[in-house]
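Working through the structure, step by step
One letter stands for each residue in the lines below.
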Amino acid sequence: MIPHAGGGAKPVSSAIIDGVFRALADPTRRDVLGRLSARASSVSDLAESYDMALPSFVAHLKVLEQCGLVRSHKEGRVRTYEIVPERMKVAENWLARQRTLWERRLDQLDDYLMKMKQETTK
């Protein structure tokens, strides 16, 4: 389990983080998320912008839904998808932890190099 940034939140498993980043790795899925961040849309509205067969496009939606980045509901014959912004926090929190780690490491390297520079100028 990887702790969830933000104190007090539930820990997030590696499988969840892996699923989110796997979904985000594809440009079509990232584009769909961008479109859904503006408004919920039906499968047909989303699919019309892509040059691929509907079953292939629906497979992208399933990946997004399985990792929790989107959810869908069906009214009659129309399935509508919407973004789940809370799940985007998984990626955001992981990246924030990595940024903090690398900033600390780079600060330590900077301190070391400054010390080395001072020692050579003595």
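Notes on the structure follow. (Residues numbered from 1 in each chain as written. Predicted model: local features only at pLDDT ≥ 70, side-chain atom pairs only at ≥ 80, totals over all residues. Heavy atoms only, no water.)

This brings us to the pattern of salt bridges. Tallying each qualifying case throughout the model produces two salt bridges. The closest approach of N and O atoms between Glu-82 and Arg-71, which form a salt bridge, is 2.9 Å. Here Glu-82, found in strand β3 (residues 78–83), pairs with Arg-71, found in strand β2 (residues 70–75); they are eleven residues apart in sequence, far enough to count as distant. The salt bridge partner of Glu-92 is Lys-89, with a shortest N-O separation of 3.5 Å. Here the residue Glu-92 and the residue Lys-89 both occupy positions in helix α5 (residues 85–120), the gap between them amounting to three residues, near one helical turn. (Salt bridge = Lys/Arg side-chain N within 4 Å of Asp/Glu carboxyl O. Helix = DSSP H or I, 4+ residues; strand = E, 2+ residues; numbered from the N terminus.)

What follows is about the sheet that holds strand β1 (residues 41–42). Across the sheet, three strands lie side by side as β1-β3-β2; this open sheet has antiparallel pairing. Every other strand in the sheet has two partners, leaving β1 and β2 as the edge strands with one partner each. Relative to β3, β2 runs antiparallel, the two sharing six bridges. By the bridge assignment for β3, Glu-75 is matched with Val-78. Contacts from helix α2 (residues 27–38) reach β1, β2 and β3 within the one sheet, and its direction differs from that of β3 by about 90°. On top of the sheet, helix α4 (residues 54–66) reaches β2 and β3; it is set at about 115° to β2, its chief contact. (Pairing = 2+ DSSP bridges. Contact = heavy atoms within 4.5 Å. Axes fitted to C-alpha atoms, helices over the stretch in contact; angles between N-to-C directions.)

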